[in-house]
Every structure is written in C-alpha cells, then in structure tokens.
Amino acid sequence: MTMHTAHTRLAPSLPATARTTWPLLALALAAMLLGACASTPPPVEKMAVAEAAVERASSAGTRENAPAELQIAIGKLTRARQAVANKDYEHAGHLAEQAELDAHVAEAHAQSVRSQRSATESQNAARVLQEEINRKIVR
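Cut-offs and rules
Residues numbered from 1 in each chain as written. Predicted model: local features only at pLDDT ≥ 70, side-chain atom pairs only at ≥ 80, totals over all residues. Heavy atoms only, no water. Helix = DSSP H or I, 4+ residues; strand = E, 2+ residues; numbered from the N terminus. Buried < 20%, exposed > 50% of the residue type's maximum accessible area, 1.4 Å probe, protein only. Contact = heavy atoms within 4.5 Å. Areas by Shrake-Rupley, 256 points an atom, 1.4 Å probe, with all protein chains shown as cover. Axes fitted to C-alpha atoms, helices over the stretch in contact; angles between N-to-C directions. Parallel < 35°, antiparallel > 145°, perpendicular 65-115°, else oblique. Left-handed = near helix turned anticlockwise from the far one by under 90°. Polar contact = N/O pair within 3.5 Å; in protein donor to acceptor, adjacent residues only side chain to side chain.

(A) Region of the structure containing the overall build of the protein. Tallying secondary structure elements over the protein gives six helices and zero strands in all. Seen in sequence order, the protein has helices and strands lined up from the N terminus as α-α-α-α-α-α. Here the protein holds 139 residues, and the buried ones make up 21% of them. Counted over contacts in the protein with a minimum sequence separation of 6, partners at least 24 positions apart contribute 69%. A total accessible area of about 10,100 Å² is found for the protein, and carbon and sulfur atoms account for 63% of it.

(B) The packing of helix α3 (residues 44-57) against helix α6 (residues 89-138), seen in detail. Between α3 and α6, the shortest axis-to-axis distance is 8 Å and the interhelical angle comes to 25°. Between α3 and α6, the crossing angle belongs to the class labelled roughly parallel. The handedness of the crossing between α3 and α6 is left-handed. Here K46, M47, V49, A50, A53, V54, R56 and A57 of α3 come into contact with α6, specifically with A92, G93, A96, E97, A99, E100, A103, H104 and E107.

(C) Local environment of unusual backbone geometry. Backbone geometry at K87 places phi at a positive 65°, although glycine is not the residue there. As for its placement among the helices and strands, K87 is situated in the loop between α5 (67-85) and α6. Judged by its relative accessible area of 60%, K87 falls in the exposed class.

(D) Highlighting the side chain of N65. Here N65 lies in helix α4 (residues 60-65). At a separation of 2.7 Å, a polar atom in the side chain of N65 contacts the side chain of R117.

(E) Region of the structure containing the side chain of T62. Relative to the helices and strands, T62 is located in helix α4. Among the residues examined, T62 registers a relative accessible area of 3% and is labelled buried. Those residues in contact with T62 that sit more than four places away from it in its chain are A57, P67, L70, A106, E107, A110 and R114.

This is the structure:
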C-alpha cells in the first residue's frame, strides 16, 4: 500500500528528492518573507546619542571655527528626525549614526583651527620677542 501525501499527488512526475525539497523551499521562503516584514524598532538610543553629540558640538567655538561641518551634522540629525516621523526607522538609525560622527568631526575640526591659531600666535610672539632681543643687542 502506497501512502500519498498532498505534495506527491500534486507532483507525481518529480523525483522523490524534489518532492521533499519543494516544501522545505516554500517554508524557507515564507520564513524569509516574514522576517522581511518584521519592523525595525525605533532607534531611540541612536537618536539620543546623536542629539547629545550635536548639542555638545553646537558650541560658539564650533559654530565659529567649523560651521560647515556642524551644519552637516545638524542637517543629518534633522533628516533622522524626519525619518523617525515617517516610521523609516532603519534609515533614521543610519542618519543618527552619521549625525553623531559628523558632530565629532565638527568638534575636532574646530579644535584643530583653535590649535593652529594658538600656534600661530605663539610663533608671532616668539618672533616679536626675538626682534626685541636683537635690537637691544645691537645697541
């Protein structure tokens, strides 16, 4: 007596391995589709970290010494907020991470500009002092 299951009756001409493989493939496809439909949770932590980084970078020194870099960070944070409002949480998370990194870049660039200015001022002061020393020695 031969037992016929639903998939053997539907595909009697297929080899036995194909008849057992098709249901497994269908099950795997269904699992992938369900996984793709699972929603990404809101990036609450990433947004909070990005907000704090942009807030910290929004100092007067950074606004003065790295305005373009700061504006990029602010723009990405704004776009991340909009993505959250649109429930595009995956995109919002990526934008929040980028905003955080851009805020750090703005801070680092501002610090670099301040350091360069300070070095230039020190060199100028040393030059003026050397000129004064040279004038007093010549007399």
